[in-house]
Amino acid sequence: MTKTLIQEEKLMNFINGNWVNSSTNQFKEVKNPANLETLVRVPLSSEADVDEAVQTAKKAQKEWALVPAPQRAEVLYRVGLLMKERKEDLSQILTMENGKVIEEARGEVQEGIDMAFYMAGEGRRLFGQTTPSELKDKFAMSVRSPIGVVGIITPWNFPIAIATWKSFPAIVAGNAVVWKPATETPLMAYELAKIFEEAGLPKGVLNVVFGSGSGVGDAMVHHKDIRVISFTGSNDVGRDIAAKCGQQLKKVSLEMGGKNAVIVMDDADLSLATEGILWSAFGTSGQRCTACSRVIVHEDVKERLEERLLAEMEKLTIGNGLDENIKVGPIINEGGLEKIKEYIKIGQDEGAKLLAGGYSLDQGEYRNGNYFAPTLFTDATPDMRIAQEEIFGPVVSLIPVKSFEEAIEVNNGVEYGLSSSVFTRDVNRVFAAQRDLDTGIVYVNAGTTGAEIHLPFGGTKGTGNGHRDSGVAALDVFTEWKAVYVDYSGKLQRAQIDVD
Ligand SMILES: NC(=O)C1=CN([C@@H]2O[C@H](COP(=O)(O)OP(=O)(O)OC[C@H]3O[C@@H](n4cnc5c(N)ncnc54)[C@H](OP(=O)(O)O)[C@@H]3O)[C@@H](O)[C@H]2O)C=CC1
Ligand SMILES: O=C(O)CCC(=O)C(=O)O
């Protein structure tokens, strides 16, 4: 019944406010990971399509930048209202194309709605600074200026939320956007573009070009008129994009992988910790950049935690996320499934003890989908590959430690720095942990996922390059600071001279 929500058989690009065919006439089938049913065909566009979108965006941006920011914000406000009105349909389509369970899909769509209203508010803020001048009768201030055409490249795991984290601040700040969504999940992009169209966004301010990373994504990275690239995805691709942008002196914001840990101290509420681990390790089938894939546990509570986790894992229902009773949905595709299987073998070869899961499900009702059982390793050591590398699946490894200090060291001993969490009742440890955990996000007595949109989202070290999505911080990616001096003395005054 829900498949009827998808009205198109083939998608088109959205350029200059029109739905247009790609120049290649080539398509890829998009499948529902829960049953491998074909949902839609997505165009594989070309460099020429990217160029058309950029030229149109460039023209539209000049006008858009002159629209007062509070009016730009009104469009976002209407986008938020429309998203809210269509929340259930959007959530079901999201579950079909991505596989995440329906309650999580609703949560993701809600993030987009929240972002729309939050960024609409920015239209009446977009604060700059005023500051005294060194000279008499002179006024000094700094203002945020739009940058021009921005390119956003988004992944499949949060196909609507991440797009809103990037496109909403870009648009409210007066930029025009060219967006390449992940090929696996084009339907959310199609739906969001339709909503923008209905909300009255002027033609050309948002353009969507579907296609592969190596085709469309790379063409965007190299296009001289795209002045910023905001990317979320894997580390390899992010590094490559950063190098190419560096050569062109193009601003680039990167949000990449994670190897996030929950620390469970000897004084923790174990029932709460179990719940936090379960939700952040197996929610979205572990396919979150913030997913918990390590549990750093004090040796005194290790066995009790293992028992609790095993008992709760048995209750996890696996299947098609459209069923409200399902807790763990499928893996996005065959490639993702294979990668997880490889890591199970690596973990076993390294000597970690497999306590639960470790296999894919391919019989009976699971025959036509990409399902993997929630998996628990224990007695992993910090240097093992399963404790260092991003798996992007429902696999979590317990690493025993002897002290709080060791726990912090193990947490920080990975190349990534996105999210971390500590379960403890000791207020001194809470404050020391939030200071010493080298991650962009720290949770206390909660799992590693569940970011709120008005706080900065991103990580340290190999997770990014110092920029942030979400919150006011996102505006820094999509604006340039301009310093403005107004001299009203009526004479030429010179700063930077020695007045003594
Ligand atoms: N830190 C964060 O905020 C987040 C990080 N992630 C990370 O994303 C990864 C999973 O996403 P996944 O989609 O597999 O990542 P990828 O890096 O493969 O893809 C991300 C996006 O980049 C595009 N792309 C691929 N190659 C290129 C290229 N050479 N030039 C330009 N664009 C390109 C992809 O296109 P196409 O779809 O066509 O391949 C897709 O739109 C995980 O590592 C996860 O940790 C995910 C979410 C949040
Ligand atoms: O879990 C969160 O807080 C957000 C996760 C996310 O955006 C991601 O994994 O891409």
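Please read all numbers here as calculations on a predicted model, not as lab measurements.

Moving on to helix H11 (residues 334-350). Over its 17 residues, H11 extends 24 Å from the first C-alpha to the last, a length consistent with the 24 Å expected when each residue adds 1.5 Å. Of the positions making up H11, those classed as buried are Gly336, Leu337, Ile340, Tyr343, Ile344, Ile346 and Gly347. Summarising the contacts, the buried residues of H11 are in contact with strand S16 (371-372), strand S17 (375-378) and strand S18 (395-401). The first or second residue beyond H11 is glycine 351, which carries a positive phi of 105 degrees.

This brings us to the pairing of strand S3 (residues 27-31). Bridge count for S3 against strand S4 (residues 38-43) is five bridges, and the pairing is antiparallel. By the bridge assignment, lysine 28 is partnered in S4 with valine 42.

Taking the numbering used here, the UniProt-annotated feature "active site" (unreviewed entry) corresponds to Glu255. Its place among the elements puts glutamate 255 in strand S11 (residues 251-255). Contact partners of glutamate 255, with chain neighbours within four places excluded, come to Phe231, Thr232, Gly233, Phe457, Gly458, Gly459, Thr463, His467, Arg468 and Asp469.

Moving on: the site of ligand 2. Every residue near ligand 2 is listed here: Asn157, Phe158, Ile162, Trp165, Arg288, Cys289, Thr290, Thr449, Gly450, Ala451 and Phe457. At 2.6 Å, a side-chain N or O of arginine 288 approaches an oxygen atom of ligand 2. Within the backbone of glycine 450, one N or O atom sits 2.9 Å away from an oxygen atom of ligand 2. Notes on ligand 2: free accessible area 290 Å², of which the protein chains cover 99%.

In the vicinity of ligand 1 lie 29 residues, with Thr154, Thr183, Ser234, Met256 and Glu390 positioned nearest. Backbone polar atom of threonine 154 to an oxygen atom of ligand 1: 2.8 Å apart, as the coordinates give it. One of the backbone N or O atoms of methionine 256 is found 2.5 Å from a nitrogen atom in ligand 1. Burial of ligand 1 by the surrounding chains reaches 86%, relative to a free accessible area of 900 Å². Breaking the shell around ligand 1 down by element, the ones donating at least two residues are helix H7 (213-222), strand S10 (226-232) and helix H8 (235-247). With three residues, H7 is the single largest residue contributor to the shell around ligand 1. For the shell around ligand 1, the residue count by class is 14 nonpolar, 11 polar and four charged.

This next bit is on the nonpolar core. Met83, Phe168, Trp179, Leu192 and Phe196 are the most contacted members of the largest nonpolar core, which has 70 residues in total. Among all residues touching leucine 192, those that are not within four sequence positions of it are Val79, Met83, Ile160, Ala163, Thr164, Phe168 and Trp179. Of all hydrophobic cores here, the second largest spans 29 residues; its members include Ala261, Leu337, Ile391 and Ala432.

Quick look at the UniProt feature "domain: Aldehyde dehydrogenase" (unreviewed entry) in the chain now. In the UniProt entry, the feature "domain: Aldehyde dehydrogenase" (unreviewed entry) is given for residues 19-484. Annotated as residues 19-484, this span is 39% helix and 22% strand, and its ends, taken at the C-alpha atoms, are 41 Å apart.

Taken in spatial order, the three strands of this open sheet run S5-S6-S23, and their pairing is antiparallel. Two strands lie at the open edges of the sheet, namely strand S5 (129-132) and strand S23 (479-487), each paired on one side alone. Strand-to-strand twist of the sheet, defined as the mean angle between neighbouring strand axes without regard to direction, takes the value 25 degrees. As paired elements, S5 and strand S6 (residues 138-146) share four bridges and run antiparallel to each other. Each bridged residue has a counterpart across the sheet, and for glutamine 129 the counterpart in S6 is serine 142.

The general pattern is negative phi for most residues beyond glycine and trans for most peptide bonds. Even without being a glycine, leucine 36 presents a positive backbone phi close to 60 degrees. Note on placement: leucine 36 falls in the loop between S3 and S4. Residue serine 470 is not a glycine yet carries a positive backbone phi of 65 degrees. On the secondary structure map, serine 470 appears in the loop between strand S22 (460-461) and helix H14 (473-478).

Scoring rules and cut-offs
Residues numbered from 1 in each chain as written. Chains lettered and ligands numbered in written order. Predicted model: local features only at pLDDT ≥ 70, side-chain atom pairs only at ≥ 80, totals over all residues. Heavy atoms only, no water. Helix = DSSP H or I, 4+ residues; strand = E, 2+ residues; numbered from the N terminus. Expected span 1.5 Å × (residues − 1). Buried < 20%, exposed > 50% of the residue type's maximum accessible area, 1.4 Å probe, protein only. Contact = heavy atoms within 4.5 Å. Pairing = 2+ DSSP bridges. UniProt positions renumbered as here; feature names shortened; annotations may be inferred. Near = heavy atom within 4 Å. Polar contact = N/O pair within 3.5 Å; in protein donor to acceptor, adjacent residues only side chain to side chain. Areas by Shrake-Rupley, 256 points an atom, 1.4 Å probe, with all protein chains shown as cover. Nonpolar A, V, L, I, M, F, W, Y, C, P; charged D, E, K, R; others polar. Core = buried A, V, L, I, M, F, W, Y, C linked by side-chain atoms within 4.5 Å. Axes fitted to C-alpha atoms, helices over the stretch in contact; angles between N-to-C directions.

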